[in-house]
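# Inside the fold
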Amino acid sequence: MSRPKILVTRSIPDEAKAVLTPHFEIDQYDKHTAIPRPLLLKKIKDKDGLLCILTEKIDEELLHAAPRLKAVATYSVGFDHIDVKACGARKVAVTNTPGVLTETTADFTWALLLACARRVPEGDKFMRAGSYKAWDPMMLLGTDVHGKTLGIVGFGRIGQAVARRAAGFGMKIVYFDTQRIFPEVEKQFDVQFRELNDLLREADFVTLHCVLDAATHHLIDEKAFALMKRTAYLVNAARGPIVDEKALVKALKTGRIRAAALDVYELEPKTAPGLLSLPNIVLAPHLASASLETRTKMGVMAAQGLVDVLALKKMPAHPVNAEVCQSVLAAA
Ligand code: GLV
């Protein structure tokens, strides 16, 4: 019997490839850049499965071009690049990689927050430029992190992991989520619920950990910046479009807030005009889950999602659309 055909849209770790190899005929775009859209649409035509990256839009157009497609495994926890409803309508199972990147992403959120508050990239640049001539009491002054108020927007797995780390800095933690957690859990994390506007008014550091959907698109816009303290810092390691990037540039330019640190961008990999020349921003190229250990685990998990649905014909461990997965398996 012929093996299912799959498309892998990027170079992936050997460990992940090893999960796929025994089960599939693999067509791989084995590069470190995004597969051109026309090539993706051409290659997907005869495929049963797709292992994709968050740079690929899995939309009506792609699904239409892929009449045999039964499963999409994304090498990411976020799936805002996938039209899950359209996948459901066409009976395409979707899986993702939750859990394995929680702690790594929380670590990186703190790397961004600390780098920004204590001006680490500026210090690094200063040293390399040979500008350090003498210790000076007023040189490159940042702001204290310990003892301040941290505002966490989105209190899911990653938001909670960020909160656990904040305890070590003796911070007061306030959070906003559309669903308030149980009082016992609030106690356990030592966090207090705030409505979003109250959180924005109160926090010294605002860090975003909500999903991107219609409700959170531009959640942090000009009005939100107007509520924040002039001394506040914004950290975004979630998804770019949660922040109105043009409004952010304005807020940083005019001193509406003090500084920001971004790992994600509204039109990634592009940045809003003026963003790159701002002195009060720390920038990273979407690195929050980028540790060797975690990216390997994510690759293996994504690969296993395809193997479960298409080869072992069993429920994957991390379905995005469980009911559709079930019906794909029932029809197999
Ligand atoms: C990364 O941004 C992910 O969603 O895994």
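Note that the structure is predicted; figures quoted are calculated from it, not measured.

### What about the overall build of the protein chain?
Of the regular secondary structure elements, the protein chain holds 13 helices and 12 strands. The C-alpha radius of gyration computed for the protein chain amounts to 22 Å, which stays within 12% of the reference 20 Å derived for 332 residues, consistent with globular compactness. In terms of overall dimensions, the protein chain has a C-alpha envelope of 75 × 50 × 30 Å along the principal axes. Within the protein chain, the fraction of its 332 residues that count as buried is 50%. Taking all contacts inside the protein chain whose residues are at least 6 apart in sequence as the whole, residues at least 24 apart take part in 58%. When the accessible surface of the protein chain is totalled, it reaches about 16300 Å², and 57% of it is carbon and sulfur.

### Some thoughts on the sheet that holds strand β9 (residues 205-208)
With respect to topology, 7 strands assemble into an open sheet ordered β8-β7-β6-β9-β10-β11-β12, the strand pairing being parallel. Sheet topology places β8 (191-193) and β12 (281-283) at the edges, where each strand pairs with a single neighbour. Direction aside, neighbouring strands of the sheet carry axes that sit 20° apart on average. Here 3 bridges tie strand β7 (residues 172-176) to β8, and the two strands are oriented parallel to one another. Residue Tyr 175 lies in a different strand from β8, and its bridge partner there is Phe 193. With respect to the sheet, helix α7 (residues 157-167) is in contact with β6 (149-153), β7, β8 and β9, its orientation differing from that of β6 by roughly 170°.

### Some words on unusual backbone geometry
Residue Pro 269 follows Glu 268 across a cis peptide bond; omega there is 5°. Within the element layout of this structure, Pro 269 appears in the loop between β11 (259-262) and β12. Backbone geometry places Arg 119, a non-glycine residue, at a positive phi of 55°. As for its position among the elements, Arg 119 is in the loop between α5 (102-117) and α6 (120-128). Take Arg 119: its relative accessible area is 26%, and that puts it in the partly exposed class. Phi is positive for Leu 140, which is not a glycine, with a value near 45°. Mapping Leu 140 onto the fold places it in the loop between α6 and β6.

### Focus on the sheet that holds strand β3 (residues 49-52)
Strand order in this open sheet of 5 strands is β2-β1-β3-β4-β5, and the pairing throughout is parallel. The open sheet has two edge strands with one neighbour each: β2 (25-28) and β5 (93-95). Between one strand and the next, the sheet's axes are offset by a mean angle of 15°, whatever the strand orientation. Where strand β1 (residues 5-8) meets β3, 3 bridges bridge the pair, whose relative direction is parallel. Each bridged residue has a counterpart across the sheet, and for Leu 7 the counterpart in β3 is Leu 50.

### What to know about the pattern of salt bridges
When the charged atoms of two side chains lie near each other, side chains of opposite charge can form a pair. Applying the stated criterion to the full structure yields 22 salt bridges. Note that Arg 68 is salt-bridged to Asp 48, the shortest N-O span being 2.9 Å. Taken together, the positions of Arg 68 in the loop between α3 (60-64) and β4 (71-74) and Asp 48 in the loop between α2 (37-43) and β3 put the pair 20 residues apart, joining distant regions of the chain. Members of the salt-bridge network, linked through shared partners, are Lys 5, Asp 27, Lys 43, Asp 46 and Lys 47.

### Points about the packing of aromatic side chains
A full pass over the atoms with the stated rule returns 6 aromatic pairs. A network of ring pairs unites the aromatic residues Phe 155, Tyr 175, Phe 176, Phe 189 and Phe 193 as a single cluster.

Conventions adopted
Residues numbered from 1 in each chain as written. Predicted model: local features only at pLDDT ≥ 70, side-chain atom pairs only at ≥ 80, totals over all residues. Heavy atoms only, no water. Helix = DSSP H or I, 4+ residues; strand = E, 2+ residues; numbered from the N terminus. Rg over C-alpha atoms; globule rule 2.2 N^0.38 Å. Buried < 20%, exposed > 50% of the residue type's maximum accessible area, 1.4 Å probe, protein only. Contact = heavy atoms within 4.5 Å. Areas by Shrake-Rupley, 256 points an atom, 1.4 Å probe, with all protein chains shown as cover. Pairing = 2+ DSSP bridges. Axes fitted to C-alpha atoms, helices over the stretch in contact; angles between N-to-C directions. Salt bridge = Lys/Arg side-chain N within 4 Å of Asp/Glu carboxyl O. Phe/Tyr/Trp six-rings, centres within 6.5 Å; stacked < 30°, edge-to-face > 60°.

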